[in-house]
Amino acid sequence: MNTSAPEGGPNDSVEALYRRLAKLDPSEPAPATRQAIMGRARQLASSRAATDTRQTPRSPAFRWGRTAVMGALAASVVTALVIAPRYLPSGSSPARAPQAHPPRSSAANRALQMPPSATSAADMRLAPGTPASPEFAVPRAALGPSARAAAAAPAPAAKSAMPAGTEDTAAPFAAFSNARRWNRQANAALPPAVNGSLSAVSEPAQQRLRQAAEAGDLAQIAVLASQLPDLNAPDAQGRTAVMIATLHRQTAAVTALLSLGADPNAADVNGLTPLQAAREAGARDLVAALERYGGH
Amino acid sequence: MSRVDDSDEALINRYGRGDVTAFATLYRRHEMRVWRYIKRNVGSRAIADELMQEVWFAVAREAPRFKLTARFTAWLFTIARNRVIDALRAMRRQVSLDALGQEGSAMLEQLTTGTDVGPLAAVVVRDQASALALAIAQLPEDQRDAFLLQVEGDLSVEEVAAITRSPFETTKSRLRYARAKLRVLLSEYA
């Protein structure tokens, strides 16, 4: 390579001299180092192979039949999610902040009582007081038994997942953290095709999350995080929302994303991790935040 | 008979899909280059061993995410450089000639006790190897980093500039100064 080297390339005298003398250096990695590296490589390869095996389709007929059924189901779910909210009255979702509505009469309140199968804050698996997520929340009626069980299960305390010393910064996001966990449990119980279609729909939302991270828009981060199954979707350069927030020195956004479960170690296409980027930028507060959440 | 693509990029993608032999081939191909780059930067063999593991662990972990937007070697040496920088910061010191001297002594001990090298040849080899180590160690850190990236990573000036996040002209100057200094320091062995 080195075609544009200032003083030659492979034939450069200094480079040739370096290579000749370097061959005399008998130093090499310790055998234990080699073994550890190859052992880890084998371990990761076998875990990937196991994942691929689990995803292997059974037969062409089964695949086509399942694709048709699930495709139709997914299309109807997506249609319902995208179109239905437009025709619903604006006050029909109790998940919205109560103070946003004028006082209603008791008759009006009775009229707004939703049946058990209707979309509600509980159906969306959002903690009380959290903003609604009309685009991606799945109505309880559309869920299978296991999903309903997951939705009905009490949420574990979010605080327990937080590293020590982060409660003050991360506390406002505890409710969103719970909502994310419940959403993940419920979505995991959906048929794969439905879940896949939700992921496809969430692509623009992933982009909005990265934009919110760049701008340090905590409210938007909280809302999007409650809707998205994965907070680590990278852009074309492999940068996750955490990385983008780090590069723009949005410390509060980084802390919020990490408290919501984002990966502190997701590297970009160049192998640069958020912690390394923060260190290179000399941003001590960011380094501290990333280290608290296991960044390395 | 179809010919198997054994380029670095094809191998890392194959490993990303679970082919461990592809990783072994890649490792053998680049092991010593990465090793020399790390060791000449940090000086200590123990730290170099540790960093070597970290670099290749990262390669194995991130393999499925490798994209063909960059050459594999550029990606590999970016990872190696990041680990080296972290280590140097942790060590809170520059690589000292003393440390290199200790490492060099151990290396020379191996050389002189080798069965293939006679006493006189060992002295010659010892002088040359230690001269190279000392010459590299005498380069300023940014020049040493750029020079080692280029010769060990077989990278272009553009790639070195991108990895070090430095302007192209700055990188070119660093390489020119590094070569000029090495030429003087190693003139005896040219």
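*Asks:* Mind showing me how you'd approach the overall build of chain B here?
*Replies:* In terms of regular secondary structure, chain B is built from nine helices and zero strands. Reading the helices (α) and strands (β) of chain B from amino to carboxyl end gives α-α-α-α-α-α-α-α-α. In chain B, which comprises 190 residues, the share counted as buried stands at 53%. In chain B, the proportion of contacts linking residues at least 24 apart, taken out of those at least 6 apart, comes to 63%. Within the structure as shown, chain B displays about 8600 Å² of accessible surface, and the carbon and sulfur contribution to it stands at 54%.

*Asks:* Before we go on, may I ask you to explain the overall build of chain A in this structure?
*Replies:* Helix and strand counts for chain A come out as 14 helices and zero strands. When the elements of chain A are put in sequence order from the N terminus, they spell out α-α-α-α-α-α-α-α-α-α-α-α-α-α. In chain A, buried positions account for 40% of the 296 residues. When the accessible surface of chain A is summed, it comes to about 14800 Å², and 58% of that surface belongs to carbon and sulfur atoms.

*Asks:* Could you clarify how one ought to interpret the interface of chain B and chain A in this entry?
*Replies:* Accessible area lost when the parts come together is the quantity often used to give the size of an interface. Contacts between the two partners involve 64 residues from chain B, matched on the other side by 48 residues from chain A. When the two sides are added together, the surface that chain B and chain A hide from each other amounts to roughly 5200 Å², 55% of it contributed by carbon and sulfur. On the chain B side of the interface with chain A, the three residues burying the most area are B:Phe57, B:Arg65 and B:Arg179, jointly 11% of the side's total. Taking the shortest distance from any N to any O, the salt bridge between B:Arg179 and A:Glu15 comes out at 3.4 Å. Scanning the region where chain B abuts chain A turns up 13 residue pairs in polar contact (both at pLDDT 80 or more). Counting residues per element, the side of chain B that touches chain A draws most heavily on helix 2 (residues 20-42) of chain B, at 10 residues.

*Asks:* What am I meant to see in the packing of helix 1 (residues 13-22) of chain A against helix 9 (residues 168-185) of chain B here?
*Replies:* The packing of two helices is summarised by the inter-axis angle and the distance between the axes. Relative to each other, helix 1 of chain A and helix 9 of chain B sit at 60°, their axes nearing to 9 Å. By the angle between their directions, the pair helix 1 of chain A and helix 9 of chain B is classed as oblique. Here helix 1 of chain A and helix 9 of chain B pass one another in a crossing that is left-handed. When helix 1 of chain A is examined against helix 9 of chain B, the residues A:Ser13, A:Val14 and A:Glu15 are found in contact with a partner set consisting of B:Arg179, B:Leu182 and B:Arg183. Of the residues that constitute the contact of helix 1 of chain A with helix 9 of chain B, the class distribution is two nonpolar, one polar and three charged.

*Asks:* Explanation requested: the pattern of salt bridges in the structure shown.
*Replies:* Two side chains of opposite charge can pair, provided their charged atoms sit close to one another. Enumeration according to the criterion identifies 18 salt bridges over all chains in this entry. For B:Arg174, the salt bridge identified is with B:Asp142, shortest N-O distance 3.4 Å. With B:Arg174 in helix 9 and B:Asp142 in helix 7 (residues 141-153), this residue pair connects regions lying 32 residues apart in the sequence. A residue is classified by how much of its surface remains accessible, and B:Asp142, at 36% relative accessible area, is partly exposed. Through salt bridges with shared partners, a single ionic network connects A:Glu15, A:Arg19 and B:Arg179.

*Asks:* Whenever I open this one, helix 9 of chain B confuses me. Can you help?
*Replies:* Since the α-helix advances by 3.6 residues per turn, residues separated by three or four positions end up pointing in the same direction. Residues and elements named next belong to chain B. If you check helix 9, its first and last C-alpha atoms are 26 Å apart, about what 18 residues at 1.5 Å a residue would give, namely 26 Å. Inspection of helix 9 places Thr 171, Leu 175, Ala 178, Arg 179 and Leu 182 among the buried residues, and these make up the whole buried set. Viewed end-on, helix 9 has its buried residues packed into an arc of 100°, placing them on one side of the element. Residues of helix 9 that are exposed and point over 90 degrees away from its buried face: Tyr 177 and Val 184.

*Asks:* Help me understand the packing of aromatic side chains in this model?
*Replies:* Each pair of aromatic rings is reported with the distance of its centres and the angle of its planes. Residues and elements named next belong to chain B. Applying the stated criterion across every chain, the model contains eight aromatic pairs over all chains. Residues Tyr 15 and Phe 23 carry aromatic rings whose centres are separated by 4.9 Å and whose planes lie at 45° to one another, so their mutual orientation is tilted. Between Phe 66 and Trp 75 the ring centres are 5.0 Å apart and the planes differ by 55°, which places this aromatic pair in the tilted class. Note on Phe 66: relative accessible area 7%, which makes it buried.

*Asks:* It is not clear to me how the environment of B:Phe66 should be interpreted in this structure. Could you clarify?
*Replies:* Relative to the helices and strands, B:Phe66 is located in the loop between helix 3 (45-62) and helix 4 (72-91). For the pair formed by B:Phe66 and B:Ile12, sequence separation is 54 residues and the distance between their alpha carbons is 7.6 Å.

*Asks:* Which parts of the structure should I look at to understand the nonpolar core?
*Replies:* By size, the foremost hydrophobic cluster in this structure holds 63 residues, and its most contacted members are B:Phe23, B:Val34, B:Ile38, B:Trp56, B:Val59 and B:Leu186. Ignoring anything within four residues of it in the chain, the contact list for B:Phe23 reads A:Ile37, A:Met38, A:Ala41, B:Tyr15, B:Trp56, B:Val59 and B:Ala60. Counting 25 residues, the second largest nonpolar core, distinct from the first, contains A:Ala213, A:Leu228, A:Ala241 and A:Leu290.

*Asks:* What am I meant to see in the side chain of A:Thr33 here?
*Replies:* By secondary structure assignment, the location of A:Thr33 is in helix 2 (residues 31-54). Apart from residues no more than four positions distant in its own chain, A:Thr33 is found in contact with B:Asp49, B:Met52 and B:Gln53.

The rules behind the values
- Residues numbered from 1 in each chain as written.
- Chains lettered and ligands numbered in written order.
- Predicted model: local features only at pLDDT ≥ 70, side-chain atom pairs only at ≥ 80, totals over all residues.
- Heavy atoms only, no water.
- Helix = DSSP H or I, 4+ residues; strand = E, 2+ residues; numbered from the N terminus.
- Buried < 20%, exposed > 50% of the residue type's maximum accessible area, 1.4 Å probe, protein only.
- Contact = heavy atoms within 4.5 Å.
- Areas by Shrake-Rupley, 256 points an atom, 1.4 Å probe, with all protein chains shown as cover.
- Buried area = accessible area lost by both parts, 1.4 Å probe.
- Salt bridge = Lys/Arg side-chain N within 4 Å of Asp/Glu carboxyl O.
- Polar contact = N/O pair within 3.5 Å; in protein donor to acceptor, adjacent residues only side chain to side chain.
- Axes fitted to C-alpha atoms, helices over the stretch in contact; angles between N-to-C directions.
- Parallel < 35°, antiparallel > 145°, perpendicular 65-115°, else oblique.
- Left-handed = near helix turned anticlockwise from the far one by under 90°.
- Nonpolar A, V, L, I, M, F, W, Y, C, P; charged D, E, K, R; others polar.
- Expected span 1.5 Å × (residues − 1).
- Arc of directions from axis to C-beta.
- Phe/Tyr/Trp six-rings, centres within 6.5 Å; stacked < 30°, edge-to-face > 60°.
- Core = buried A, V, L, I, M, F, W, Y, C linked by side-chain atoms within 4.5 Å.

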